[in-house]
Amino acid sequence: MAASSLDLSLQFGEFPGAAVHRALLQKARVRRWMAMALQHPGGMAVRIVGEDEGRALNRQYRRKDYATNVLTFDYQGAPVVLCDLVLCGPVVEREAREQGKTLEAHYAHLLVHGTLHAQGWDHETSERDALAMETVEILLMGALGFSNPY
């Protein structure tokens, strides 16, 4: 994959510790991570939310009653990728700690992961698809200077 142009909107909800996430997720940094995973130009909104908002969205759109790390709302894959990504800050922070990763590395991975989902990649359809997506994620994360996220 090659880095493509990306029109990015970055939004932050209110939740305890949000200032740390806001300081880490500078727009240029988020744009670089996501653009690396884009095959086409894109227009994307990224919203970092608290657990209440994350849980409500996951319940409404996936029928799962818990806050998940990332939700991808893909609207168009080509010629311009259009999507919204919603990341639950407290979940991302907890997972990073549990997995022994930096918060930065985990956010980078989830933003790459969500960007791939927005372009049709899916790890839930088959073991083969999961392996293919993980392989691409590992390569992209390496190109961004991060270690294997798995």
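Counting restarts for each chain, with residues numbered from 1 along the sequence as it is written. Predicted model: local features are reported for residues with pLDDT of at least 70 only, side-chain atom pairs are reported and counted for 80 or more only, and whole-chain, interface and lining totals are derived from all residues. Side-chain descriptors were evaluated using all non-hydrogen atoms of the structure, hydrogens and water having been removed beforehand.

J.: I'd like a rundown of the pairing of strand β1 (residues 6-12), residues and numbers included.
T.: With burial as the criterion, only one face of β1 is covered, namely that bearing L6, L8, L10 and F12; the residues D7, S9 and Q11 on the opposite face remain uncovered. Inspection of the sheet shows β1 paired to strand β2 (residues 42-49) by 7 bridges, in the parallel sense. Residue L10 lies in a different strand from β2, and its bridge partner there is V46. Burial classification: accessible surface area is computed with a 1.4 Å probe over protein chains only, and a residue below 20% of its type maximum counts as buried, one above 50% as exposed, and the rest as partly exposed. Secondary structure follows DSSP: runs of H or I at least 4 residues long count as helices, runs of E at least 2 residues long count as strands, and numbering of each begins at the N terminus. Strands are treated as partners if at least two bridges between them are detected by DSSP.

J.: I'd like a description of the layout of surface pockets, backed by residues and values.
T.: One water molecule sets the probe size; rolling that probe over the atoms shows where empty space is left. Cavity and pocket criteria rest on a 1 Å grid covering protein atoms alone: a 1.4 Å probe that fits but cannot get out defines a cavity, protein on both sides within 12 Å along at least 5 of 7 lines defines an open pocket, and an atom within 4 Å of a point defines a lining residue. Grid points are joined across faces, edges and corners, and a volume is the space filled by probe spheres set on the points. When its volume is computed, the largest pocket comes out at roughly 330 Å³. R62, V70, H117, H123 and E124 are the residues nearest the centre of the largest pocket, which is lined by 14 residues in total. Looking at the lining of the largest pocket, the element that brings in the most residues is strand β3 (residues 70-76), giving 4 residues. For the lining of the largest pocket, the class distribution of residues is 5 nonpolar, 6 polar and 3 charged. Under the scheme applied, nonpolar residues are Ala, Val, Leu, Ile, Met, Phe, Trp, Tyr, Cys and Pro; charged residues are Asp, Glu, Lys and Arg; polar residues are all the others, including Gly.

J.: Describe in detail the nonpolar core, supporting the description with residues and values.
T.: Burial of nonpolar side chains together is a common tendency in soluble globular proteins. Within the largest apolar cluster, 39 residues are counted, with the highest numbers of intra-cluster contacts made by M34, V46, L87 and Y107. Where this core is concerned, the elements lending two or more residues are β1, α1 (18-24), α2 (27-36), β2, β4 (81-88), α4 (89-99), α5 (103-118) and α6 (127-143). Here this core takes 9 residues from α5, the largest share from any one element. Core analysis: the second largest hydrophobic core is formed by 8 residues, V49, L71, C88 and V91 among them. Only buried residues count toward a nonpolar core, which is a set of Ala, Val, Leu, Ile, Met, Phe, Trp, Tyr and Cys residues joined through side-chain atoms within 4.5 Å.

J.: How would you summarise α5 if you had to cite specific residues and measurements?
T.: Residue count minus one, scaled by 1.5 Å, sets the expected span of a helix. If you check α5, its first and last C-alpha atoms are 22 Å apart, about what 16 residues at 1.5 Å a residue would give, namely 22 Å. With 15 of 16 residues buried, α5 lies mostly within the body of the structure. G120 occupies a position one or two residues after α5 and carries a positive phi of about 100 degrees.

J.: Could you give me a rundown of the side chain of T115, with the residues and numbers involved?
T.: Summarising the element assignment, T115 is placed in helix α5. It only takes one pair of heavy atoms within 4.5 Å for two residues to be counted as in contact. Excluding residues within four positions of it along the chain, T115 makes contact with M34, A37, L38, M44 and L85.

J.: Give me the lowdown on the packing of α2 against α5, citing residues and values where you can.
T.: One can describe the packing of α2 onto α5 by two numbers: an axis separation of 8 Å at closest approach and a directional angle of 50 degrees. It follows from the interaxial angle that α2 and α5 lie oblique. Between α2 and α5 the crossing geometry is right-handed. Between α2 and α5, the contacting residues are R29, V30, W33 and M34 on the first element and E104, Y107, A108, L111, V112 and T115 on the second. Among the residues making up the contact of α2 with α5, the classes are represented as 7 nonpolar, 1 polar and 2 charged. Helix axes use the C-alpha atoms of the stretch in contact, all axes being lines fitted to C-alpha atoms, and the angles between their N-to-C directions lie in the range 0 to 180 degrees. Throughout this description, any angle smaller than 35 degrees is read as roughly parallel, any larger than 145 degrees as roughly antiparallel, any in the 65 to 115 degree range as roughly perpendicular, and the remainder as oblique. For a crossing to be left-handed, the near helix must be turned anticlockwise from the far one by less than a right angle; the clockwise case is right-handed.

J.: How would you sum up the side chain of E137? Please name residues and give values.
T.: Among the secondary structure elements, E137 is positioned in helix α6. Positive charges come from Lys and Arg alone, negative charges from Asp and Glu alone, with His and the N- and C-terminal ends not counted. Salt bridges are defined by distance alone: a side-chain nitrogen of Lys or Arg within 4 Å of a carboxyl oxygen of Asp or Glu. One buried charge, E137, has no salt-bridge partner; the nearest side chain with opposite charge is K101, at 8.4 Å. Each polar contact in these results corresponds to two N or O atoms within 3.5 Å; when the atoms are within protein, one needs to be able to donate a hydrogen and the other to accept it, and residues that are neighboring in sequence are counted only if both atoms are side-chain atoms. A distance of 3.0 Å separates the side chain of E137 from the side chain of H113, its partner in a polar contact. Residues in contact with E137, not counting those within four places in the same chain, are H109, V112, H113, L116 and Y150.

J.: Give a description of the environment of H113 that names residues and reports values.
T.: Secondary-structure assignment places H113 in helix α5. Along the sequence, H113 and L10 sit 103 residues apart, while their C-alpha atoms lie 17 Å from each other. Sequence-distant contacts of H113, that is, excluding residues within four places in its chain, are made with V70, H123, M133, E137 and Y150.

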